[in-house]
Amino acid sequence: MSSQDIPEENLPSEQDAAGHTLQKTADTDPFADPGLPPHEHRVQDIDERAAKSSERTVALLFTISMLATIGFIASYVTFPVEKIVYIWPLGHISALNFALGITLGIALFCIGAGAVHWARTLMSDVEIADDRHAIEAEPEVKAKVMADFAAGAEESGFGRRKLIRNTMFGAMALVPLSGVVLLRDLGPLPEDKLRHTRWAKGKMLVNMNTHEPLRPSDVAVGSLTFAMPEGMSEHDHDFQKEIAKAALMIVRIQPDDIKDKRELEWSHEGIVAYSKICTHVGCPISLYEQQTHHALCPCHQSTFDLSDGARVIFGPAGHALPQLRIGVNEEGYLEALGDFEEPVGPAFWERG
């Protein structure tokens, strides 16, 4: 037999704490709102010395956060990337990574711990019950909300407890510096490296296929030859980075067919040297049409007229190819008479 089949008068009666039987009444509501428990004051609410102690604790946590942030920046500057240390039980780890992790973790933890301790010991913990209302508040409700906010701000001691407020501002202002410092890992500062290549006055033009210096007789009319500065080797650790700026495209044009005056002056017997790097997205230009003297980039079909200052005649490239001024040295080899006078490659103009 279930409890639903038992008459109400035969159900067990409730008992109080002393074991006395309580009589059930017909109007007893088993789902009555029990209300809020009596509010118990914290020691900080009744003892100002305890409140001051909590205030100093919160300020100490915020101060530790500031010191940890300074330690983060100091660690980033002090520890070399390659330094390895042994830390039990982690074993051999990077000293820089360990220092950055510890200091940043302490900085963030102390801000959170300080805020939590402040809220639990000094801010008001009185529970307030309020009726639900429509989403659109009445003017009276808005005024009440602003009044409650002002009262909450007053009870939090934010304006009165200046030590907590100032140290919190200091901790929160310093922590973002950790992220700013980490921006240094995006790479070395470019400085003016983008404006210079390996070309310099007196550097001979070396054939990229034979690795031999070029003579004027090695470049036939209508031919296309690729060159690099002397002294570069494919085994150099920075070869790919440097050749991406220094790669040359050598063609020979009949001097009478050269339309641009400066191009003619910077050439040698119709041999002109232009950057091989397309000014659109940096693809290597490798196609040359000898009848029209047009160089075509195979990536997006940007077309340059090598008989007219390598100006763009078709495609998305926005700038002409930079020209390298060349001549012949005493030994009869082609040589550069300086570096490019404008930066090579794409997007430099947009980067400023």
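Residues numbered from 1 in each chain as written. Predicted model: local features only at pLDDT ≥ 70, side-chain atom pairs only at ≥ 80, totals over all residues. Heavy atoms only, no water.

- Under an unreviewed UniProt entry, the protein has the name Cytochrome bc1 complex Rieske iron-sulfur subunit and belongs to Streptomyces solicavernae.
- As its UniProt record puts it under Subcellular location (unreviewed entry), the protein is described as follows: "Cell membrane".
- One UniProt comment on the protein, placed under Sequence similarities (unreviewed entry), says "Belongs to the Rieske iron-sulfur protein family." (UniProt positions renumbered as here; feature names shortened; annotations may be inferred.)

## Side note on helix α7 (residues 239–246)
Phase 1: Those residues of α7 not exposed but buried are Phe239, Glu242, Ile243, Lys245 and Ala246. Taken down its axis, α7 places every buried residue within 160° of arc, on the same side. Residues of α7 that are exposed and point more than 90 degrees away from the buried face comprise Gln240 and Lys241.
Phase 2: Structurally, α7 contributes buried residues whose contacts are with β6 (224–229) and β7 (248–252). (Buried < 20%, exposed > 50% of the residue type's maximum accessible area, 1.4 Å probe, protein only. Helix = DSSP H or I, 4+ residues; strand = E, 2+ residues; numbered from the N terminus. Arc of directions from axis to C-beta. Contact = heavy atoms within 4.5 Å.)

## What to know about the side chain of Lys276
Phase 1: Relative to the assigned elements, Lys276 resides in the loop between β8 (271–275) and β9 (287–289).
Phase 2: Despite being buried, Lys276 has no salt bridge partner; Glu234 is the closest side chain of opposite charge, sitting 10 Å away.
Phase 3: Those residues in contact with Lys276 that lie beyond four places of it in its chain are Phe226, Ala247, Leu248, Met249, Cys283, Pro284 and Ile285. (Lys, Arg positive; Asp, Glu negative; His and termini not counted. Salt bridge = Lys/Arg side-chain N within 4 Å of Asp/Glu carboxyl O.)

## Description of the packing of helix α2 (residues 48–78) against helix α5 (residues 162–174)
Geometrically, a packed helix pair is captured by the angle between its two axes and the distance between the axes.
Phase 1: At a closest axis distance of 8 Å, the pairing of α2 and α5 adopts a crossing angle of 20°. By the criterion of interaxial angle, the relationship of α2 to α5 is roughly parallel. Viewed along their axes, α2 and α5 form a crossing whose handedness is left-handed. Contacts between α2 and α5 involve Glu55, Val58, Ala59, Phe62, Thr63, Ser65, Met66, Thr69 and Ile70 on the former and, on the latter, Lys162, Leu163, Ile164, Thr167, Met168, Gly170, Ala171 and Leu174.
Phase 2: Here the contact of α2 with α5 is composed, by residue class, of 10 nonpolar, five polar and two charged. (Axes fitted to C-alpha atoms, helices over the stretch in contact; angles between N-to-C directions. Parallel < 35°, antiparallel > 145°, perpendicular 65-115°, else oblique. Left-handed = near helix turned anticlockwise from the far one by under 90°. Nonpolar A, V, L, I, M, F, W, Y, C, P; charged D, E, K, R; others polar.)

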